[in-house]
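Structure at a glance
Listed below, chain by chain, are the residues.
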Amino acid sequence: MKRLYVLYDEECALCEACRHWLIRQEAFIELYFLPYQSPEVAQRFPGLKEWNGIDLSEKLVVVSDEGAVYQGQYAWIMCLYALQDYREWAQRLSHPALLPFARRVCEIISRNRLLISGLLKKPTKELVRSFRELQREPCAAGERCDV
């Protein structure tokens, strides 16, 4: 395996941030990024969008140059496996004991990616203000705190 095609949502700020992070890493295996909205996806991978169980709009999808298709946590693990500094993490996360954890994290991020994406698009000052509004006032010593 010499190349992985990473299919991502070009309209998602989180996906773009992840893509930029991956691009900056030294890699053993070349990562080629392709927006799932691109007509090139259908040209390179005919029928991929019609496969049962493949959800390009909700989960990261990676296709190897050998034809293997990975989705969700498996796609993230393959991306980490391609990177020089993260290959060991990929091997750890693919272990049966940690794979459910990787799956859960990927599901939570995928389910909330548009919310996260919206937060990433906000200017830093506005983002800090939003987080401060989420914080509750601390309880004084001896008082009962309502959650």
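Everything here concerns the structure above.
About the criteria used
- Residue numbers here run from 1 along each chain, matching the order of that chain's written sequence.
- Given that this is a predicted model, residues contribute local features only at a pLDDT of at least 70 and side-chain atom pairs are listed and counted only at 80 or more, while totals for whole chains, interfaces and linings are drawn from all residues.
- Hydrogens and water molecules were not included; the side-chain quantities draw on all heavy atoms of the structure.
- Each patch is built from salt-bridge-free residues with over 30% relative accessible area, joining like charges within 9 Å and nonpolar side chains (Val, Leu, Ile, Met, Phe, Trp, Tyr) within 5 Å.
- For the accessible areas, the method is Shrake-Rupley and the probe is 1.4 Å, while residue cover comes only from the protein chains on display.
- Salt bridge, as applied in this entry: a Lys or Arg side-chain nitrogen positioned within 4 Å of an Asp or Glu carboxyl oxygen.
- Numbering goes from the N terminus for both helices and strands, where a helix is a DSSP run of H or I of at least four residues and a strand is a run of E of at least two.
- Any residue under 20% of the maximum accessible area for its type is buried, any over 50% is exposed, and the rest in between are partly exposed; the area is computed with a 1.4 Å probe on protein chains only.
- Every residue pair with non-hydrogen atoms within 4.5 Å of one another is taken to be in contact.
- Only buried residues count toward a nonpolar core. Its members are Ala, Val, Leu, Ile, Met, Phe, Trp, Tyr and Cys residues joined through side-chain atoms within 4.5 Å.
- Strand pairing requires that DSSP identify at least two bridges connecting the strands.

Together, Leu98, Phe101, Val105 and Ile109 make up an exposed nonpolar region whose accessible area comes to about 330 Å². With respect to the element layout, Val105 can be found in helix H5 (residues 99-111).

Within the secondary structure, Gln25 sits in the loop between helix H1 (13-23) and strand S2 (30-35). Look at Gln25 and you get buried, because its relative accessible area is 18%. Beyond its immediate sequence surroundings of up to four residues, Gln25 is in contact with Leu83 and Tyr86.

Let's shift gears to the pattern of salt bridges. Two side chains carrying opposite charge are able to pair once their charged atoms lie near each other. Taken as a whole and assessed by the stated rule, the structure comprises four salt bridges. The partner of Arg3 in a salt bridge is Glu30, with the nearest N and O atoms 3.0 Å apart. One end of the pair, Arg3, is in strand S1 (residues 3-8); the other, Glu30, is in strand S2, and 27 residues separate them in sequence. Taking the shortest distance from any N to any O, the salt bridge between Glu40 and Arg44 comes out at 2.7 Å. Within this pair, Glu40 and its partner Arg44 are both found in helix H2 (residues 39-44), separated by four residues, close to a single helical turn. Overall, the relative accessible area of 35% leaves Arg44 in the partly exposed class.

The buried fraction of helix H3 (residues 73-82) is high, at seven of ten residues. Residues of H3 that are buried include every one of Gln73, Ala75, Ile77, Met78, Cys79, Leu80 and Ala82, and no others.

The subject of this paragraph is the nonpolar core. Among the nonpolar cores identified, the biggest contains 23 residues, and Leu4, Val6, Leu31 and Val62 are the most heavily contacted of them. Taken together, the elements giving at least two residues each to this core come down to S1, H1, S2, H3, helix H4 (87-93) and H5. The leading source of residues in this core is H3, at six residues. Setting aside chain neighbours within four positions, we find Leu4 in contact with Ile29, Glu30, Leu31, Tyr32, Val62, Val63, Ser64, Met78 and Ala82. If you look at the next biggest cluster of nonpolar residues, it comprises eleven residues, including Val41, Leu48, Ile54 and Leu56.

Burial of the side chains of strand S3 (residues 61-64) extends over both faces: Val61 and Val63 are buried on one face and Val62 and Ser64 on the other. When S1 meets S3, the two strands line up antiparallel, connected through four bridges. Looking across to S3, one finds that Leu7 is bridged to Val61. Of the pairings in the sheet, the one linking S3 to strand S4 (residues 69-71) comprises three bridges and is antiparallel in character. Each residue of the ladder has a partner; that of Val63, found in S4, is Val69. The hairpin formed by S3 and S4 contains four residues between the paired strands, and Gly67 there has a positive phi angle of roughly 100 degrees.

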